[in-house]
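Chains, contacts and geometry: an overview
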Amino acid sequence: MGRLVTETLGYDGGRPVTAYVPAAPPEAVVFAGDGQLIASWGDVLEAAGSPPTMIVAAHRLDDETKRIHEYSPGFSASARFAAHETFFVEDVRRWARSRFGVALPAERTAVSGVSAGGELALAMGLRHPDVYGTVFCASPGGGYQPPAALPKPLPRAYLVGGTKEPWFLANATRWADALRDAGADVVLTERDGPHGGAFWREEFPLMVAWAFAP
C-alpha cells in the first residue's frame, strides 16, 4: 500500500502539499492542484493496477475567487497567478525531489486538474512542456480559453467531461479541438455524470494508463 505525506511549504504564508507515495519506486509522477482532493486518488491507481505513480498535489485556497485567480491565466489577477506558477513549477517540484528523490523526465511527468484545476493543468502544460509532458484535464472551467496560436512544442493531453455538465464538457471539447488542430496527441472522453461527480476519480487511472503504461 502507498502512503500519504503532507508538509507545509512557505508560499503565501504556508501552503500544504500532499504526496501519494506508491509502495514501489515511482515510474511516473503527476503534479496537481486541489491537493485535498486529488492526492487521495492513489488508492484508485493501486486498485486499477496502474504503473507505480507518485501524486504531488498542492492544496487549494478556501477562497474560491483567489483559487481561480491562482489557477487560471484568463483572469486579471496576473500577480497572483504568476506567484502561484513559480510555487507550483519550482517550489513543489524541488520539494518532491529533495523529500522523495523523484526527478523524472517530462515524458514520465503529468500535470492534472479538475474544474478550475483543469485550467491550471492546461496552463502549466502549455507554458512548461519541458517539465510536464502530459496534461490530464477534467471538466475545465472557462476562464482560460485556447489562444489563437498555441505554442510549440505541445504536451499530450487527455480531457474528460460529463454529459450532465454541458458547459464544462463544451470547454473540454473546445480545448481538445484546439490542441488536436495544432498537432497535439489528444484524447477526449465523455462520461455520464455531473460536475464534481465520481467520474473524475474513475477516469484518473485510465489517464495514467494511457500516458504511462507500457
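The following paragraphs examine the structure supplied in this document. (Residues numbered from 1 in each chain as written. Predicted model: local features only at pLDDT ≥ 70, side-chain atom pairs only at ≥ 80, totals over all residues. Heavy atoms only, no water.)

**Some remarks on the nonpolar core**
With 45 residues, the main nonpolar core has Val56, Met124, Leu159 and Leu179 as its most contacted residues. At 8 residues, helix H4 (residues 78-100) tops the list of elements feeding residues into this core. Here Met124 is in contact with Phe81, Glu85, Phe88, Val89, Val111 and Tyr132, once residues within four sequence places are set aside. In this structure, Ile38, Ile55, Ala110 and Ala138 belong to the second largest nonpolar core, which totals 23 residues. (Core = buried A, V, L, I, M, F, W, Y, C linked by side-chain atoms within 4.5 Å. Buried < 20%, exposed > 50% of the residue type's maximum accessible area, 1.4 Å probe, protein only. Helix = DSSP H or I, 4+ residues; strand = E, 2+ residues; numbered from the N terminus. Contact = heavy atoms within 4.5 Å.)

**Examining the pairing of strand S4 (residues 53-58)**
Each regular strand shows side chains that alternate between the opposite faces of the sheet. Judged by how many residues are buried, S4 sits mostly within the fold: 6 of 6 residues are covered. Burial of the side chains of S4 extends over both faces: Thr53, Ile55 and Ala57 are buried on one face and Met54, Val56 and Ala58 on the other. Sheet topology note: the strand S2 (residues 15-21)/S4 ladder contains 4 bridges and is antiparallel. When the sheet's bridge partners are listed, Thr18 is paired in S4 with Ala57. Bridge count between strand S3 (residues 28-32) and S4: 5 bridges; the pairing is parallel. Bridged to Ala28 within S4 is Thr53. (Pairing = 2+ DSSP bridges.)

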